[in-house]
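What follows is the residue order along each chain.
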Amino acid sequence: PVVLSAISAASSTTVEIATDIALKRMLNFNAPPLKNTAAEPVWKVLIYDRFGQDIISPLLSVKELRDMGITLHLLLHSDRDPIPDVPAIYFVMPTEENIDRICQDLRNQLYESYYLNFISAISRSKLEDIASAALAANAVTQVTKVFDQYLNFITLEDDMFILCHQNKELISYHAINRADIQDTDMEAIMDTIVDSLFCFFVTLGAVPIIRCPRGNAAEMVAVKLDKKLRENLRDARNSLFTGDSMTAGQFSFQRPLFVLVDRNVDMATPLHHTWTYQALIHDVLDFHLNRVVMEEGMGAEPSAGARPKKKSRKTYDLTAADKFWQKHKGSPFPEVAESVQEELDTYRAQEDEVKRLKSIMGLEGEDEGAISMLSDNTAKLTSAVSSLPELLEKKRLIDLHTNVATAVLDHIKSRKLDVYFEFEEKLMSKSTLDKSLLDIISDPDAGTPEDKMRLFLIYYITAQQAPSESDLEQYKKALLDAVCDLSPLNYIKQWKAFTKMAATPANYGNSGVKPMGLFSRVMNTGSQFVMEGVKNLVLKQHNLPVTRILDNLMEMKSHPETDDYRYFDPKMLRGSESSIPRNKNPFQEAIVFVVGGGNYIEYQNLVDYTKSKQGKKIVYGCSELFNASQFIKQLSQLGQK
């Protein structure tokens, strides 16, 4: 089998760039893309499965694919017509059914040549299946290359990745924490996670130092990953970490720290109502793999007898190319609303300018004033016309953020999310509360049953001591009156008893939220955003548990929370088990990974933390990305009696 030597990420700095290089190389028949773009690309088709689609779509747009010569991109298991004179690049998982379908394509002689790229390493026996199918179909010469790409993870940001989007329930929090889980199931889940993490480090071209807590799923992953990296380094001939990539890699002086944590270390944050733009979008809208899907409003009421208008679905991509998004995805929502409004105002001014210039140009020669103005206006107009595409792109992004932010604002107002956010922040930072929990749960206007349940679970998780039985009954009654499903609480009760967290509840820092005065710009009447009644809250920087654990390990701080963490160095010849770090220097680069699922609140907290640390690079990864609603569903399944 062909072994792909680790992608040489000589000047790469982020996981996004490394993945991007790997994908572009693959789409160029596994040769580095040519720099001079004068040469016409070779036209080709791209055949992917859902896994491949999820890996490519957050990174490469259809236009970028076209620029690389991809004329068609099709799902492997769709009906595809033969295109006999075109090479095909496959990017699929090495599963039984995918291999069968590839063999069928060979028999049907669909394409001129086949470049088979497997997302994760293909086994010897499956490779032999392809070989025998190629022989039988007399297509041996057409199967040009077979590659293991080691790209079995999804990069969402330059500092964030998840393991998979398809079949994510197989490695979900629910799957790992089921009471009736068999050892063999657990092994399979851990192997799936380790396979993806191994791919991640191959793509990065770095062998990490691994740290993890004891006695949970994170430790199982660490042990297996250490073993897999170790075996690969041993096999010098086929090691994926040799060659230029290691020396010329981004970690030229120091290896990265890889911290594995278990979701159970912090159960409150994934339930928390949030206040920053990206996390809010994920919480209240349909947002996955960097794409928001929204239903447009119904419009005017249809007249009697007319068919009701179908809601149109709009999708918006929130990408790195969008400057506004990059600047504001971590900002508190009120600030975002103000900024969208500012952008809108500037755009309107520019738009009028273009119209004005155009009308001047359209004037005929009679008007002396206009002609005298012409000479110095031609220069102005050409610049206006040349900036037109730029203005239109700007307009598209402003419209996008106006629509998305308005949709978010509707949720904030109709569910009083600002009240929830502020109250939960107080619970988590153990501040004094200005109103009672029971009041919010019983307020019919405050939030959905799920909002109330989230709030109560946070109270229950963070409470120094659990509420007394009689109090609990009172809360339960109020929750039931508010039509809440109590099964998540059943699970959290078991969880709390089991983790005996009562002694040391996770510490959420003294976050504190301070309400600012009223919104200046957004409060004026001409604004797109009617923010009346919404609190203008700003956040104080504070570290959530995952950030704090990372900080301890990265800065080599001694702390009871992390002193017991295990230490693995896959490069050490004998796997010496120790929790004593060999390395006494603080790390410059770190990857923190949450087994059991993560969220944008934690990601944003790490991003904010990194901003305060000069020259440090931190990447956040998780087995799946869920919002509170998806997490509560998993807790509910676990708690069903």
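Since we're looking at a predicted model, the values are computed, not measured. (Residues numbered from 1 in each chain as written. Predicted model: local features only at pLDDT ≥ 70, side-chain atom pairs only at ≥ 80, totals over all residues. Heavy atoms only, no water.)

Focus: the overall build of the protein chain
As a reminder of what qualifies: Strands are runs of DSSP state E lasting at least 2 residues, helices are runs of H or I lasting at least 4, and numbering of each runs from the N terminus. The contact criterion used is simple: two residues touch if any of their non-hydrogen atoms lie within 4.5 Å. Accessibility throughout is a Shrake-Rupley quantity obtained with a 1.4 Å probe, and a residue counts as covered only by protein chains that appear here.
Counting its secondary structure elements, the protein chain contains 22 helices and 17 strands. Put simply, of all contacts in the protein chain between residues at least 6 apart along the chain, 79% involve residues at least 24 apart. Taken as a whole, the protein chain presents about 29600 Å² of accessible surface, with 54% of it coming from carbon and sulfur.

What about the sheet that holds strand 9 (residues 257–262)?
Our working definition: DSSP-based pairing: two strands are paired if at least 2 bridges between them are found. The angle between two axes is taken between their N-to-C directions and runs from 0 to 180 degrees, where each axis is a line fitted to C-alpha atoms and a helix contributes only its stretch in contact.
The strand order across the open sheet formed by seven strands is 6-7-17-16-9-8-15, and the pairing between neighbours is mixed. Every interior strand has two partners, whereas the edge strands, strand 6 (154–157) and strand 15 (566–568), have only one. In this sheet, adjacent strand axes meet at a mean angle of 20° when their direction is disregarded. Sheet topology places strand 16 (residues 589–595) next to strand 17 (residues 617–622); six bridges connect them, and they run parallel. Paired with I591 across the strands is V619, a residue of strand 17.

Some points on the sheet that holds strand 10 (residues 286–288)
Two pairing modes exist for strands in a sheet, parallel and antiparallel, and in both the strands are linked by backbone hydrogen bonds. The strand order across the open sheet formed by three strands is 10-11-12, and the pairing between neighbours is antiparallel. Looking at the sheet topology across the chains shown, the edges are occupied by strand 10 and strand 12 (313–317). Put simply, the sheet's adjacent strands are angled 20° from each other on average, direction ignored. Relative to strand 12, strand 11 (residues 291–295) runs antiparallel, the two sharing five bridges. Following the sheet pairing, V293 is matched in strand 12 by T315.

What about the confidence of the model for the protein chain?
Short version of the rule: For every residue, the pLDDT score states the predictor's confidence, bounded by 0 at the bottom and 100 at the top.
In the predicted model, the protein chain carries a mean pLDDT of 83, and 80% of its residues have values of at least 70. Contacts from residues 1–12, a stretch scored under 50 in pLDDT, to residues over four places away or in other chains number 28 contacts. Segment residues 517–526: pLDDT under 50, and 23 contacts once partners within four positions in sequence are set aside and those in other chains are kept.

Concerning the pairing of strand 11
For strand 10 and strand 11, the ladder comprises three bridges, and the chain directions are antiparallel. What sits directly across from H288, in strand 11, is R291. Following strand 10, the chain reverses through two residues before pairing antiparallel with strand 11; L289 in that reversal takes a positive phi of roughly 50°.

Things to note about the side chain of T19
Rules: Exposed residues in this analysis have more than 50% of their type's maximum accessible area, buried residues have under 20%, and partly exposed residues fall in between, with area computed by a 1.4 Å probe over protein chains only.
For T19, the position within the fold is in helix 1 (residues 15–27). Using a relative accessible area of 1% as the deciding quantity, one classes T19 as buried.

Observations concerning unusual backbone geometry
Residues other than glycine predominantly adopt negative phi, and peptide bonds predominantly adopt the trans conformation. The backbone of Q109 sits at a positive phi, close to 50°, despite the residue not being glycine. Relative to the helices and strands, Q109 resides in the loop between helix 4 (96–107) and strand 4 (111–118). Of note in this structure, Y150 is not a glycine but carries a positive phi near 50°.

Details of helix 20 (residues 545–554)
With 10 of its 10 residues buried, helix 20 lies for the most part within the structure. Those residues of helix 20 lying buried are P545, V546, T547, R548, I549, L550, D551, N552, L553 and M554. Turning to helix 20, the residues buried within the fold contact strand 8 (209–212), strand 9, strand 16, helix 21 (600–611) and strand 17. Just downstream of helix 20 lies M556, where phi reads positive at about 60°.

What about the pairing of strand 6?
Relative to strand 7 (residues 160–162), strand 6 is paired through three bridges, and the arrangement is antiparallel. Bridging from a neighbouring strand, T155 pairs with F161 of strand 7. Between the end of strand 6 and the start of strand 7, which pair antiparallel, lie two residues.

So, helix 5 (residues 124–136)
Our working definition: Given the number of residues in a helix, its expected span is that number minus one, multiplied by 1.5 Å. It is the directions from the helix axis to the C-beta atoms whose arc is reported.
Between its terminal C-alpha atoms helix 5 stretches 19 Å, which fits the 18 Å expected from 13 residues at 1.5 Å a residue. Burial in helix 5 covers these residues: K126, L127, I130, A133 and A134. The buried residues of helix 5 occupy an angular sector of 120° when the element is viewed end-on, so they sit on one face. In helix 5, those exposed residues whose orientation departs by more than 90 degrees from the buried face are R124, L135 and A136. The elements touched by buried residues of helix 5 are helix 4, strand 4 and strand 5 (143–148). Downstream of helix 5 by one or two residues, N138 has phi in the positive range, about 55°.

Overview of the packing of helix 17 (residues 449–462) against helix 22 (residues 628–639)
Rule in force here: Convention used here: angles under 35 degrees read as roughly parallel, angles over 145 as roughly antiparallel, angles from 65 to 115 as roughly perpendicular, and any remaining angle as oblique.
Contact geometry of helix 17 with helix 22 gives a least axis separation of 11 Å together with a crossing angle of 75°. Put simply, helix 17 runs roughly perpendicular to helix 22. Along the contact surface, helix 17 presents E450, M453, R454 and L457, while helix 22 presents A628, S629, I632 and L635.

Section: the pattern of salt bridges
Side-chain pairs of opposite charge can arise where the charged atoms are in close proximity. Defined as follows: Any Lys or Arg side-chain nitrogen located within 4 Å of an Asp or Glu carboxyl oxygen qualifies as a salt bridge.
Going through the model one piece at a time under the given rule, you end up with 30 salt bridges. The partner of R396 in a salt bridge is E393, and the shortest N-O contact between them spans 3.0 Å. Residue R396 and its partner E393 are both found in helix 14 (residues 388–415); the two are separated by three residues, about one turn of the helix. On the basis of relative accessible area, R396 is assigned to the partly exposed category, the value being 43%. Across the pair K477 and D481 runs a salt bridge, and its minimum N-O distance is 2.9 Å. Remark: D481 and K477 occur in helix 18 (residues 469–481); sequence separation between them is four residues, near one turn of the helix. On the basis of relative accessible area, D481 is assigned to the exposed category, the value being 56%. Salt bridges here are not isolated pairs; linked through shared partners, they connect D283, R415, D451 and R454.

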